[in-house]
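# Remarks on the overall topology
Okay, here's what each chain looks like letter by letter:
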Amino acid sequence: LPENPLTIAYIKESNIWVWTADSGPNQITSGINVIDLRLSDDGSVIAYFNEAGDLQYELRAINSDGSNDRILVSSAEFQAIVPDAASVAPNQFEWVPGTHQLAYNTRVIQQAPGYIFNGDLTLVDADNLEKQVLFEKGSAGQFYFSPDAQQIALVSPGSISLANADGSNVREVLPFTVEGTGEDFAFYPVPKWSEDSSRLGVAIPASDPMATARQEASLWLIPTDGSEAVKAGTIQTVFAPNWLYLSPDLEHVLYVLDSSEPGSNVRELHVARIDGTEDRVVKSQDYLMAYGWTSNETFLYSAGES
């Protein structure tokens, strides 16, 4: 928030460090195997996911000054979701915008390749530790809260739905079909909320995205006022992890194309309007990687040998 100083939380050698302009870097945990973390919007609380033992996982929270390290969800609570599984771990965990409520879902970790997503969704308050189950196992999917914290986009293989923030009024807004991804689990698109929470944008690849190297992906706009989703346009792209990014205003798309020359490491960085027009090559170089937009006009990328 504007009245709070810039705070950066990061992981170094499996522990949490916090940097502020006033204090510089400060290590706030010790001897904990931290895997991932999330800093609250006000910069005062860090939620983190750690390995508490062999295939034992916890969600915890700690204040940014290093005080009040506490368990939000214990390994026993995770295991109770699927008691006969080898291990149950957090999958997604994100702060509900503007709050100290942490939303999370879970996955089963198994010996075979891939994960089994449990399709659940629970809230835990990092201040009082109270929990609220919004969706039981198998009734949700991946989740994305709107910036105003009033709605949730729920993504499952073949469908995007919207729900109120309390889990009510679930309605499907975009069915789709994507098969043959070449992965050990199904395809989950990642929707992008507009900054005013009035709509979402999402890219859906071809129904069989691995059939040929380049295929057309569909770009959709999904209003939240009850009107139907609109196909905004298409672009030709390659199906890959982090394959494209929509700008914050949902007006443009950033994506990378591999060279069509066999054996070449050259990639093209493209920017186009969401309707597929005005597509242009911004950069062409070896090992290009896109990392997303920092504003409606600027984005991050890297280039050169890794």
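Residues numbered from 1 in each chain as written. Predicted model: local features only at pLDDT ≥ 70, side-chain atom pairs only at ≥ 80, totals over all residues. Heavy atoms only, no water.

### Things to note about the overall build of the chain
- Counting its regular elements, the chain contains one helix and 26 strands.
- Structurally, the chain occupies a C-alpha span of about 55 × 45 × 40 Å along its principal axes.
- When the 306 residues of the chain are sorted by exposure, 45% land in the buried category.
- Long-range pairs, those at least 24 residues apart, make up 37% of the contacts in the chain between residues at least 6 apart in sequence. (Helix = DSSP H or I, 4+ residues; strand = E, 2+ residues; numbered from the N terminus. Buried < 20%, exposed > 50% of the residue type's maximum accessible area, 1.4 Å probe, protein only. Contact = heavy atoms within 4.5 Å.)

### Topic: the sheet that holds strand S5 (residues 45-53)
- Spatially, four strands are ordered S4-S5-S6-S7 in an open sheet, and the strand pairing comes out antiparallel. Across the chains shown, the open sheet's two edge strands, defined by having one partner strand only, are strand S4 (33-39) and strand S7 (70-73). Geometrically, the sheet is characterised by an average inter-axis angle of 35 degrees between neighbouring strands, direction not taken into account. (Pairing = 2+ DSSP bridges. Axes fitted to C-alpha atoms, helices over the stretch in contact; angles between N-to-C directions.)

### Remarks on the pairing of strand S12 (residues 131-135)
- Direction of pairing for strand S11 (residues 121-125) relative to S12: antiparallel, over a ladder of four bridges. Bridged to Thr122 within S12 is Val133.
- Between S11 and S12, which pair antiparallel in sequence order, lie five residues; one of them, Leu129, sits at a positive phi of approximately 70 degrees.

### Remarks on the pattern of salt bridges
- Scanning the entire structure with this criterion turns up seven salt bridges.
- One salt bridge connects Arg60 with Asp69, and the closest N-O pair in it is separated by 3.3 Å.
- You can call Arg60 buried: its relative accessible area is 16%.
- For Arg199, the salt bridge identified is with Glu251, shortest N-O distance 3.6 Å. In this pair, Arg199 is assigned in strand S18 (residues 199-204) and Glu251 in the loop between strand S21 (244-246) and strand S22 (252-258), connecting sequence segments 52 residues apart.
- Looking at Arg199, the relative accessible area reads 25%, which means it is partly exposed.
- Taken together, the shared-partner salt bridges connect Asp36, Arg38 and Glu94 into one network. (Salt bridge = Lys/Arg side-chain N within 4 Å of Asp/Glu carboxyl O.)

### Description of the sheet that holds strand S1 (residues 7-12)
- The strand order across the open sheet built from three strands is S1-S2-S3, with neighbouring strands paired in antiparallel fashion. Pairing within the sheet leaves two strands with one partner each, and these edge strands are S1 and strand S3 (24-27). For this sheet, the mean angle separating the axes of adjacent strands, direction not counted, is 25 degrees.
- Of the pairings in the sheet, the one linking strand S2 (residues 15-20) to S3 comprises four bridges and is antiparallel in character. Paired with Thr20 across the bridge in S3 is Gly24.

### A short note on the pairing of strand S26 (residues 299-302)
- Sheet topology note: the strand S25 (residues 289-293)/S26 ladder contains four bridges and is antiparallel. Residue pairing for S26: Gly292 is matched across the bridge by Leu300.
- Connecting S25 to the antiparallel partner S26 that follows it, the hairpin turn spans five residues.

### Side note on the packing of aromatic side chains
- Inspection of every chain in the model, using the stated rule, returns nine aromatic pairs.
- Centroid distance Phe176 to Phe187: 6.4 Å. Interplanar angle 80 degrees. Geometry classified as edge-to-face. Of this pair, Phe176 sits in the loop between strand S16 (171-175) and strand S17 (192-193) while Phe187 sits in the loop between S16 and S17, placing them eleven residues apart in sequence.
- When the centroid spacing of 5.4 Å and the interplanar angle of 80 degrees are considered together, the rings of Trp293 and Phe299 count as edge-to-face.
- Owing to a relative accessible area of 16%, Trp293 belongs among the buried residues under this scheme.
- The ring of Trp17 is capped by Lys12, whose NZ or CZ atom sits 4.8 Å from the centre of that ring. (Phe/Tyr/Trp six-rings, centres within 6.5 Å; stacked < 30°, edge-to-face > 60°. Lys NZ or Arg CZ within 6 Å of the ring centre and 35° of its normal.)

### A short note on the nonpolar core
- Ranked by internal contacts, the top residues of the largest apolar core, which has 21 residues, are Leu59, Leu72, Phe93, Leu102 and Tyr104.
- Every element with two or more residues in this core is listed here: S5, strand S6 (56-63), S7, strand S8 (87-95) and strand S9 (101-109).
- In this structure Leu102 touches Ala47, Leu59, Leu72, Phe93, Glu94, Trp95, Thr122, Leu123 and Val124, once residues within four positions along its chain are discounted.
- Formed by 16 residues, the second largest nonpolar core is a distinct cluster that contains Tyr144, Leu174, Val178 and Ile204. (Core = buried A, V, L, I, M, F, W, Y, C linked by side-chain atoms within 4.5 Å.)

### Focus on unusual backbone geometry
- Even without being a glycine, Ala149 presents a positive backbone phi close to 65 degrees.
- Looking at the secondary structure, you find Ala149 in the loop between strand S13 (142-145) and strand S14 (151-156).
- A positive phi is found at Tyr287, a non-glycine position, where the angle reads about 55 degrees.
- Within the secondary structure, Tyr287 is located in the loop between strand S24 (280-286) and S25.
- A relative accessible area of 28% places Tyr287 in the partly exposed class.

Structural measurements only, silent on function.
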